[in-house]
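Report on the structure
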Amino acid sequence: MDVLSSTFQLFIFPGFLFFILLSFLFEWMDRKLYAGMQRRIGPLYTGPLGLLQPIADFIKLMKKEDLTPKYSDKKIFNSVPLLMCALMLTVMLILPVAGESGVVSFTGDVIFAIAAMTLFCILIFLAGFSSMSPYPLLGAERAVLLLLGFEIPLMLSIAGCCIASGSIEISAIVSWQASHGWNILGPQLLGFAIFLVAIQAELERIPFDIPDAEQEIVAGWMTEYSGRKLALIRMARNLELVFMSALAATLYLGGPLGLPPQWAEGIAFPVYFLLKTVAILLILTIIRGIFARVRIDQMVAFAWRYLIPLSFLQVALTLIWRLI
Amino acid sequence: MSSSYERIFNLPLGPQHPALKEPVLLDLKVEGEHVVDVALDVSYNHRGMEKAAEYRTYVQDLYLIERICGICNIAHTLSFCQCVEGLHGKEIPERAKYLRVIAEELERIQSHLLWLGVAAHEIGFDTFFMYIWLDREISLDLMEEFAGNRITTSYNAIGGVKRDMTPEVANKMKKGMDKLEERVKFYKKVVLSERTVMKRTMGIGILRRDAAIQLNAVGPTLRASGVDMDARADDPYAAHSLVPFKVVTNEGCDAFSRIIVRLDETLESINMIRYCIEKLPSGPLLQRLPRRVPAGDFLTRVEAPRGELVHFLRADGSDKPYRYKVKTPTFSNLAPLREMLRSKGKYVVNVADVPVILASIDPCFSCTSRTEVVKS
């Protein structure tokens, strides 16, 4: 029974299948809301309200011709999409969906999450550089510069949460919030804002979609990818979107915990988790809708001038708050 | 080669690229994110329009010339008609002159709104782009009511215009102008208050006043460098000598001031249309002219939405032109474009600025691709 249940947890719920379907759903919600903000309709024809459009796009890309550029570093070029998907699916398992802890939970899984985000950036860099063509090269260069700007505020804002709850384990942070109130209600509000801006950059969305700025460098580091590989990259990026929103919900909004009746925990926890994650997605999409893209030098200047001092201030505030 | 040169590599922007609506090659030499130099190749869309015009009669040419550019079709037909009418030495009816101004200014409104949307898209502000293009529909719908078609209108005819303006259309036009004025003022407010827009356009694509004059910039590009030059005011045609308007200039010399100039021009055009509807004289629409055009040369200047448009006609007394020559505003703006795209001293051009600078001249390369190079 134990083997069966853990297999179910790993592959079905709240494992791979759940997260993959969730990533398609998130892409649909993102597109639909973005379209609504722009006075458009968005996906409409595939499935009810165009709900199946992301899946249809995925299948379509899977069927398309898959090209590998002649001068690319083929081993790296071909393995990056797979590695991206594998990385995102692995790190998803630490998210607490159906209870206080995820499928996998250990001391230091917060650090694992941070490491995974950085690894994702390194994979982007590898994708760009193995393509050996000018647009991906510039895109990869920009991705690394973006990393320089936003990795520190991101880590510091997460550190604020860890300091507040005195633990580097996600389940401990979640249960601490259950007894002491959500992190966002304390001095972490500032950290929450920094975290949202930083993940907007990490996810390469407007106003920080600099590494794949369509009007400047075509598709940036993804330019040479097509067919199956592009489908996998798109899926990995959707998974990243889910992961980042879920992490924000977990660290700042109390994760799956809410006010469930005791008997309904099994249903209430995932529902609370989804509601909070979707709320984060809405904020992210609104940010995406109301800004123009900034330039890479402006972005790095912004990060070092404002975000990093602010995140240090937030850590200091948390320390003082904890001592009192 | 020194080591600094080895870091420079070529970044071809075009002939197929998402930032481009028409084929052009900007061969950028970049060092990291900085553009060092640029080579332009504009001839990807040669259509042989001028030669084709020589094989058709003047009436047939009207429809050919219209198709040089979709967006500024009225400016092209207006120039052509003025050339033919000029050689005949005949004045067209007063009412037709006013109607030509209305058509021209309506075209300017939709062209400037289209351009503003494209500019927003180039700086990655897609929400703004979608909003503007939806409001541009107002002007296109008015054009359809007024001229019978949204884009390729065939409105101007040799000796006048083809369609009268009924009182219902005039009413709709007035209402539409009120709505457009409100929207354009709102967009101006957005542009003046949205920080990311300013960050991406201020100090980008600098073209100083003396350089603009020297390199022969035209239209809003020139006026945004502080030069008060407009064919409508300097060399009035149609009813422009009777319709009051202000030549909009801006001293900013950058992409941002080009946005402001175009927005202000749109507001001016709205006022001009209102004035024309108010003062529209009665009378015939068309002055019949003979099919054969007297021999002679004629040159007209028309202020198209993108800048000064020059048409030249040489007639030999038959019913077909002997030679027809068109110089579009984009052609004049190419040399200033190269100047804007090169980093010089403190003025640095980033790769991210290239689409913005390119869009800021409102290029229309398919109209431009006409230059013939004759090798001896």
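Every value quoted in this text rests on a predicted model; they were computed, and no experiment measured them.

1. What about the overall build of chain B?
Counting secondary structure elements, chain B contains 15 helices and eight strands. What you see for chain B is a C-alpha radius of gyration of 21 Å, in line with the 21 Å of a compact globule of 376 residues. Taken over the C-alpha atoms alone, chain B extends approximately 70 × 55 × 35 Å along its principal axes. With 376 residues in all, chain B has 59% of them scored as buried. Of the contacts formed within chain B by residues at least 6 apart in sequence, a portion of 70% connects residues at least 24 apart.

2. Quick word on helix H4 (residues 74–92) of chain A
Residue and element names in this part refer to chain A. Taking 1.5 Å per residue as the helical rise, H4 with its 19 residues ought to reach 27 Å, and the 28 Å between its terminal C-alpha atoms agrees with that figure. Remark: the principal bend of H4, roughly 35°, maps to Val80, with a proline, Pro81, within the next four residues. Contact partners of the buried residues in H4: helix H2 (16–37), helix H5 (109–131) and helix H10 (227–252).

3. So, the interface of chain A and chain B
Residue-level contacts link 26 residues of chain A with 35 residues of chain B. A combined buried area of about 2700 Å² lies between chain A and chain B, and 55% of that area is made up of carbon and sulfur atoms. Ranking the residues of chain A by area buried against chain B places Arg39, Gln215 and Arg295 of chain A at the top, with a combined share of 26%. Taken together, chain A and chain B are joined by two salt bridges. Between Arg295 of chain A and Asp353 of chain B there is a salt bridge whose closest N-O contact spans 3.2 Å. Along the contact surface separating chain A from chain B lie nine residue pairs in polar contact (both at pLDDT 80 or more). Looking at the side of chain A that touches chain B, the elements that each hand over two or more residues are H2, helix H6 (134–165), helix H9 (214–217), helix H11 (265–290) and helix H12 (296–323) of chain A. With five residues, H6 of chain A is the single largest residue contributor to the side of chain A that touches chain B.

4. Describing the sheet that holds strand S3 (residues 34–41) of chain B
Residue and element names in this part refer to chain B. If you trace the three strands from one edge of the open sheet to the other, you get S1-S2-S3, paired in antiparallel fashion. Of all strands in the sheet, those with a lone pairing partner are strand S1 (8–13) and S3, marking the two edges. Recorded for the sheet is a direction-independent mean angle of 25° between the axes of neighbouring strands. Pairing analysis gives seven bridges linking strand S2 (residues 25–31) to S3, with the strands arranged antiparallel. Within S3, the residue paired with Val30 across the bridge is Val35. In the packing of helix H13 (residues 329–341) onto the sheet, the strands contacted are S2 and S3, and the crossing angle to S3 comes to about 160°.

5. Notes on the UniProt feature "binding site: Ni(2+)" (unreviewed entry) in chain B
Residues and elements named next belong to chain B. According to UniProt, the "binding site: Ni(2+)" (unreviewed entry) feature falls on Cys69, Cys72 and Cys364. A maximum C-alpha distance of 9.8 Å places the annotated residues, which cover 296 residues in sequence, within one compact spot. Within the fold, Cys69 resides in the loop between helix H3 (58–66) and helix H4 (73–88). Here Cys69 falls in the buried class, since its relative accessible area comes to 2%. Not counting chain neighbours up to four residues away, the residues in contact with Cys69 comprise His76, Arg306, Cys364 and Cys367. Among the secondary structure elements, Cys364 is positioned in the loop between helix H14 (354–360) and helix H15 (365–368). Excluding its chain neighbours within four sequence positions, the residues that come into contact with Cys364 are Glu22, Cys69, Arg306 and Thr330.

Thresholds applied
Residues numbered from 1 in each chain as written. Chains lettered and ligands numbered in written order. Predicted model: local features only at pLDDT ≥ 70, side-chain atom pairs only at ≥ 80, totals over all residues. Heavy atoms only, no water. Helix = DSSP H or I, 4+ residues; strand = E, 2+ residues; numbered from the N terminus. Rg over C-alpha atoms; globule rule 2.2 N^0.38 Å. Buried < 20%, exposed > 50% of the residue type's maximum accessible area, 1.4 Å probe, protein only. Contact = heavy atoms within 4.5 Å. Expected span 1.5 Å × (residues − 1). Bend = angle between axes of the 7 residues up to and from the residue. Buried area = accessible area lost by both parts, 1.4 Å probe. Salt bridge = Lys/Arg side-chain N within 4 Å of Asp/Glu carboxyl O. Polar contact = N/O pair within 3.5 Å; in protein donor to acceptor, adjacent residues only side chain to side chain. Pairing = 2+ DSSP bridges. Axes fitted to C-alpha atoms, helices over the stretch in contact; angles between N-to-C directions. UniProt positions renumbered as here; feature names shortened; annotations may be inferred.

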